[in-house]
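Structural overview for review
What follows is the residue order along each chain.
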Amino acid sequence: MCFGLVAGAQVLPSFQLGLKAGANLSKFNTENTFSSDNRAGFYGGLWARVGAAGLHFQPELYISGKKTNLVSDATGEINKVTFTSLDVPLLIGTKFGAAGIGLRLNTGPMFSLILDEKQSFGEAAGNVFKADFKDQAIAWQFGAGFDFNKLSLDARYELGLSKINKAGYPSTKLNLFTVGLGYRIF
């Protein structure tokens, strides 16, 4: 009887809304004459979850600060790059568990609008080492989360799909690892 109630609860439509904040580690993926170092950033914003029959759609909206270092293989010069972006992941997922406790798996596209971008580098590097970034990016997220009543913990990998540099280093893509803590408002 309990199993039937738990299985039935997964079939009923539900809506949830919450807040989430966390940290990210970002790194450029490139095939050019520089390497990239991971640097820690942040993100924070809203998430919603609409689901039934064991599946859910989870749109999210975040302000995100992403940082990475570009290191010239030839000179060793470091270009510190910082992005502030508006990120919109659109995830499809499933949940295993009941009574507010469970494991979630999700995946989906992520659209990013770059609001601000800054670069700082040594004087010797000059404009030769400066990157020319686009105003938007597309990525794909893969992740897992754990819900415990109103709290959630998420870990994700974000694979950059679009090239984010207009010139100089055209094959540059941004990849991230994120960890976040969420709170369900309702």
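Residues numbered from 1 in each chain as written. Predicted model: local features only at pLDDT ≥ 70, side-chain atom pairs only at ≥ 80, totals over all residues. Heavy atoms only, no water.

Notes on the packing of aromatic side chains
- In total, this model carries three aromatic pairs according to the counting rule given.
- Centre to centre, the rings of Tyr-43 and Tyr-62 are 5.0 Å apart; their planes meet at 75 degrees, and the pair counts as edge-to-face. Of the two residues, Tyr-43 is situated in strand β2 (residues 34-52) and Tyr-62 in strand β3 (residues 55-72); the sequence distance between them amounts to 19 residues. As far as the burial class goes, Tyr-43 and Tyr-62 line up, both buried. (Phe/Tyr/Trp six-rings, centres within 6.5 Å; stacked < 30°, edge-to-face > 60°. Helix = DSSP H or I, 4+ residues; strand = E, 2+ residues; numbered from the N terminus. Buried < 20%, exposed > 50% of the residue type's maximum accessible area, 1.4 Å probe, protein only.)

As for unusual backbone geometry
- Positive phi outside glycine occurs at Ala-53, with the angle close to 60 degrees.
- You can call Ala-53 exposed: its relative accessible area is 56%.
- Look at Asn-149: it is not a glycine, yet its phi comes out positive at around 55 degrees.
- Tracing the chain through its elements places Asn-149 in the loop between β7 (136-148) and β8 (151-160).
- By relative accessible area, Asn-149 is classed as partly exposed at 42%.

Things to note about a nonpolar patch on the surface
- Nonpolar side chains collect at one region of the surface, where Phe-15, Leu-19, Leu-46, Val-50, Phe-57, Leu-61, Ile-92, Leu-151, Tyr-183, Ile-185 and Phe-186 lie side by side and expose about 1000 Å² of accessible area between them.
- The set of elements that each furnish at least two residues to the nonpolar patch consists of β1 (14-29), β2 and β3.
- Mapped onto the secondary structure, Phe-57 falls in strand β3. (Patch = residues over 30% accessible without salt bridge, like charges linked within 9 Å, V, L, I, M, F, W, Y side chains within 5 Å. Areas by Shrake-Rupley, 256 points an atom, 1.4 Å probe, with all protein chains shown as cover. Salt bridge = Lys/Arg side-chain N within 4 Å of Asp/Glu carboxyl O.)

Side note on the environment of Gly-143
- Along the chain, Gly-143 falls in strand β7.
- With 39 residues separating them along the chain, Gly-143 and Arg-104 place their C-alpha atoms 8.3 Å apart.
- Once residues lying within four places of it in the same chain are set aside, the contact partners of Gly-143 are Arg-104, Leu-105, Asn-106, Ala-155 and Arg-156. (Contact = heavy atoms within 4.5 Å.)

Quick word on the pattern of salt bridges
- For the structure on display, the rule yields eight salt bridges.
- For Lys-20, the salt bridge identified is with Asp-154, shortest N-O distance 2.9 Å. Here Lys-20, found in strand β1, pairs with Asp-154, found in strand β8; they are 134 residues apart in sequence, far enough to count as distant. No difference in accessibility class separates Lys-20 from Asp-154, as the two residues are buried.
- Put simply, Lys-20, Arg-49, Glu-60, Lys-95, Arg-104, Asp-147, Asp-154 and Arg-156 are held in one network by salt bridges that share partners.

Digging into the environment of Asn-165
- Relative to the helices and strands, Asn-165 resides in strand β9 (residues 165-167).
- Accessibility expressed as a relative area gives 3% for Asn-165, which makes it buried.
- Between the C-alpha atom of Asn-165 and that of Asp-135, which follows or precedes it by 30 residues, the distance is 9.3 Å.

Describing the confidence of the model for the protein
- Model confidence for the protein is summarised by a mean pLDDT of 83, while 80% of its residues fall at 70 or above.
- The model gives residues 1-9 a pLDDT under 50, and that stretch makes one contact with residues more than four places away or in other chains.
- A low-confidence stretch, residues 123-128 stays under pLDDT 50, and its non-local contacts, those more than four residues away or across chains, total four contacts. (pLDDT = per-residue confidence, 0-100.)

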